[in-house]
Amino acid sequence: MFGIVRPCSHRLGERLKAEWMAHLCGLCLALRRDHGQFARMVTNYDGLLISVLTEAQTGRTVDGRRTAGPCALRGMRTASVAQGEGARLAAAVSLVLAAAKVRDHVADRDGLLARRPVAAAARRVAAGWGRAGAHSGAAVGFDTGVLVEAVDRQLDLESLAGYGTPVLTVTEPTESATAAAFAHTAVLAGRPGNATALAEAGRLFGRLAHLLDAVEDQEADAASGAWNPLTATGTSRAEARRLADDAVHGIRLALREAEFADGRLVHLLLVHELERSVDRAFGTRACGHAPEASFGPPPGQHAPNAPGHPYGNPFGGQPPHPEKRGFWAGCAAALGLCCTCKVCCADEFEGPWSRKRREGCCADCDCDCDLSCCDACECCECCECCSCCDCGL
């Protein structure tokens, strides 16, 4: 799973969490239904925003939901999931952009893709995803050629960009692609008057996604010698932060110009969560829900039964070391973890094969325990009355 909008369940509340999961599962199932099981690999957090925006403008309808069967990632529970044109558009955009991402990695000869047989297989997969995305896009009246053209222009710009090139020159293709996708949700929802505002929100979202990806990857790219827009153009992190903050503010203003039947989830994801995404990328906010040790010494210090403890092992005997599970026993344990949702929802769980303690996906959220006025509005799901944060809702 990838994407810059990764809301924590602690902030969403039960109702908005159910809505968010409905769109996430709806995107995944739309990919499977139209393009097969393998296509579900491109499910991503940002792609579901297309589905969210479409439903926010039309309002939730009976035809916009269906009951999906049990899934291991939902603890083998059924769920109400989004369906319809919004989910199909989200699937089309996700496929085309994933295909572009694969081609980019092949061009950079990243990891195993430096080997010709692997690169050839990856190119075939990318080509199939591109055709599938074009087919799904055409079914909902969206020309994915806009996305493909933007990707091709991106590669050309990166080859020409150098020190002193404005970084916004490099982010422009991503901005154009996301602007087109966001604007088409207004067409699907029958609200053409929203197209201009949503195109602006999409343009700034694309800019933000590109910048945050560059910030998070800059050190790794420097170590591997990969191309990075900030390094290549000589853009400082301070300037990148200024541009990111401006983009978040611009998205907030653009959303005020659009009309929604129910804009609560859109508001939470594209206003509050984007602010946290920026803080997370630049390392300016810590997680308030990180698990804390109830007993024992702080992390980094020797536990009483650890080698090197100044008083030895006061409890006697050897430190317990759980034996690793065999392959089949580990597979059974892994299935159990998925079916009970512990991998996603537990603060800690035991690794199925190694039996080492692992953190659940939600253990590393970026929440703040001290709720501000706006956080309180989010928790009670009443963003309409959230005048304290000047959100306009």
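Model, not experiment: these values are computed from the prediction. (Residues numbered from 1 in each chain as written. Predicted model: local features only at pLDDT ≥ 70, side-chain atom pairs only at ≥ 80, totals over all residues. Heavy atoms only, no water.)

**Remarks on the overall build of the protein chain**
Secondary structure assignment for the protein chain yields 13 helices and four strands. Split into buried and exposed, the 393 residues of the protein chain put 45% on the buried side. Looking at the protein chain alone, contacts between residues at least 24 apart form 67% of all its contacts between residues at least 6 apart. Carbon and sulfur atoms provide 56% of the accessible area of the protein chain, an area that totals close to 19900 Å². (Helix = DSSP H or I, 4+ residues; strand = E, 2+ residues; numbered from the N terminus. Buried < 20%, exposed > 50% of the residue type's maximum accessible area, 1.4 Å probe, protein only. Contact = heavy atoms within 4.5 Å. Areas by Shrake-Rupley, 256 points an atom, 1.4 Å probe, with all protein chains shown as cover.)

**Details of the pattern of salt bridges**
Per the counting criterion, the structure on display carries 20 salt bridges. Notably, a salt bridge pairs Arg191 with Glu259, separated by 3.5 Å at the nearest N-O pair. In this pair, Arg191 sits in the loop between helix H6 (167–188) and helix H7 (195–224) while Glu259 sits in the loop between helix H9 (237–256) and helix H10 (264–282), placing the two residues 68 residues apart along the sequence. In this structure Arg191 comes out as partly exposed when scored by relative accessible area, which is 25%. Looking at Glu259, the relative accessible area reads 53%, which means it is exposed. Two residues, Glu200 and Arg203, come together in a salt bridge whose shortest N-O distance is 2.7 Å. Within this pair, Glu200 and its partner Arg203 are both found in helix H7, separated by three residues, close to a single helical turn. When its relative accessible area of 26% is taken as the criterion, Arg203 is described as partly exposed. Among the ionic contacts, a cluster of salt bridges with common partners joins Glu19, Glu55, Arg60 and Arg65. (Salt bridge = Lys/Arg side-chain N within 4 Å of Asp/Glu carboxyl O.)

**Comments concerning helix H5 (residues 145–160)**
Helical geometry note: an α-helix holds 3.6 residues per turn, so side chains three or four residues apart project in the same direction. If you check H5, its first and last C-alpha atoms are 23 Å apart, about what 16 residues at 1.5 Å a residue would give, namely 22 Å. Residues of H5 that are buried: Leu147, Ala150, Val151, Gln154 and Glu158. Along the axis of H5, the buried residues cluster in a sector spanning 100°; they form a single face. The exposed residues of H5 that point more than 90 degrees off its buried face are Ser159 and Leu160. Those residues of H5 that are buried are in contact with helix H3 (85–108), H6 and H7. (Expected span 1.5 Å × (residues − 1). Arc of directions from axis to C-beta.)

**Quick look at the packing of aromatic side chains**
Aromatic ring pairs are reported here in terms of the distance separating the ring centres and the angle at which the planes meet. Enumeration according to the criterion identifies three aromatic pairs in this entry. A centroid spacing of 5.6 Å and a plane angle of 25° characterise the contact between Trp20 and Tyr45, whose relative ring orientation is stacked. You can see Trp20 sitting in helix H1 (residues 9–35) and its partner Tyr45 sitting in the loop between H1 and helix H2 (48–58), a full 25 residues away along the chain. A relative accessible area of 8% means that Trp20 is categorised as buried. Judged by its relative accessible area of 18%, Tyr45 is buried. (Phe/Tyr/Trp six-rings, centres within 6.5 Å; stacked < 30°, edge-to-face > 60°.)

**Remarks on H2**
Most of H2 sits out of view: ten of its eleven residues are buried. Within the span of H2, buried status applies to Leu48, Leu49, Ile50, Ser51, Val52, Leu53, Thr54, Glu55, Ala56 and Gln57. Just downstream of H2 lies Gly59, where phi reads positive at about 85°.

**Quick look at the confidence of the model for the protein chain**
Looking at the protein chain, the pLDDT average stands at 79 and 74% of residues meet or exceed 70. Mean pLDDT per element in the protein chain: helix H13 (residues 373–379) is the minimum at 40, and H9 is the maximum at 96. Every residue in residues 286–320 is under pLDDT 50, and counting partners more than four places away or in other chains gives 35 contacts. Low pLDDT, under 50, characterises residues 368–388; the predicted model gives this stretch 40 contacts beyond four residues in sequence or across chains. (pLDDT = per-residue confidence, 0-100.)

**With respect to the nonpolar core**
Judged by nonpolar contacts, the single largest core of 76 residues is most densely connected at Phe205, Leu208, Leu270 and Leu274. Not counting residues up to four positions away in its chain, the partners in contact with Leu270 are Leu49, Leu53, Phe182, Phe205, Ile251 and Leu255. (Core = buried A, V, L, I, M, F, W, Y, C linked by side-chain atoms within 4.5 Å.)

**Topic: the environment of Asp156**
Looking at the element boundaries, Asp156 is found in helix H5. Here the alpha-carbon distance between Asp156 and Val170, two residues 14 residues apart in the chain, equals 9.6 Å.

**Side note on the pairing of strand E1 (residues 65–71)**
Across five bridges, E1 lies against strand E2 (residues 77–82) in antiparallel orientation. Bridge pairing links Ala68 to Ala79 in E2. (Pairing = 2+ DSSP bridges.)

**A word on the packing of H2 against H3**
The packing of two helices is summarised by the inter-axis angle and the distance between the axes. Closest axis-to-axis distance for the H2/H3 pair is 7 Å, and the angle between their directions is 155°. Classified by the angle between their axes, H2 and H3 sit roughly antiparallel to one another. The hand of the H2/H3 crossing is right-handed. Note on element contacts: H3 touches H2 through Gly86, Ala87, Leu89 and Ala90, opposite Ile50, Ser51 and Thr54. Of the residues assigned to the contact of H2 with H3, the class counts are four nonpolar, three polar and no charged. (Axes fitted to C-alpha atoms, helices over the stretch in contact; angles between N-to-C directions. Parallel < 35°, antiparallel > 145°, perpendicular 65-115°, else oblique. Left-handed = near helix turned anticlockwise from the far one by under 90°. Nonpolar A, V, L, I, M, F, W, Y, C, P; charged D, E, K, R; others polar.)

**A look at the packing of H3 against H5**
Running from amino to carboxyl end, H3 crosses H5 at an angle of 25°, the nearest separation of the two axes being 10 Å. In terms of axis orientation, H3 runs roughly parallel to H5. The hand of the H3/H5 crossing is right-handed. Across the interface between the two elements, Val93, Val96, Ala100, Arg103 and Asp104 of H3 pack against Leu147, Val148, Val151 and Leu155 of H5. Residues of the contact of H3 with H5, tallied by class, amount to seven nonpolar, no polar and two charged.

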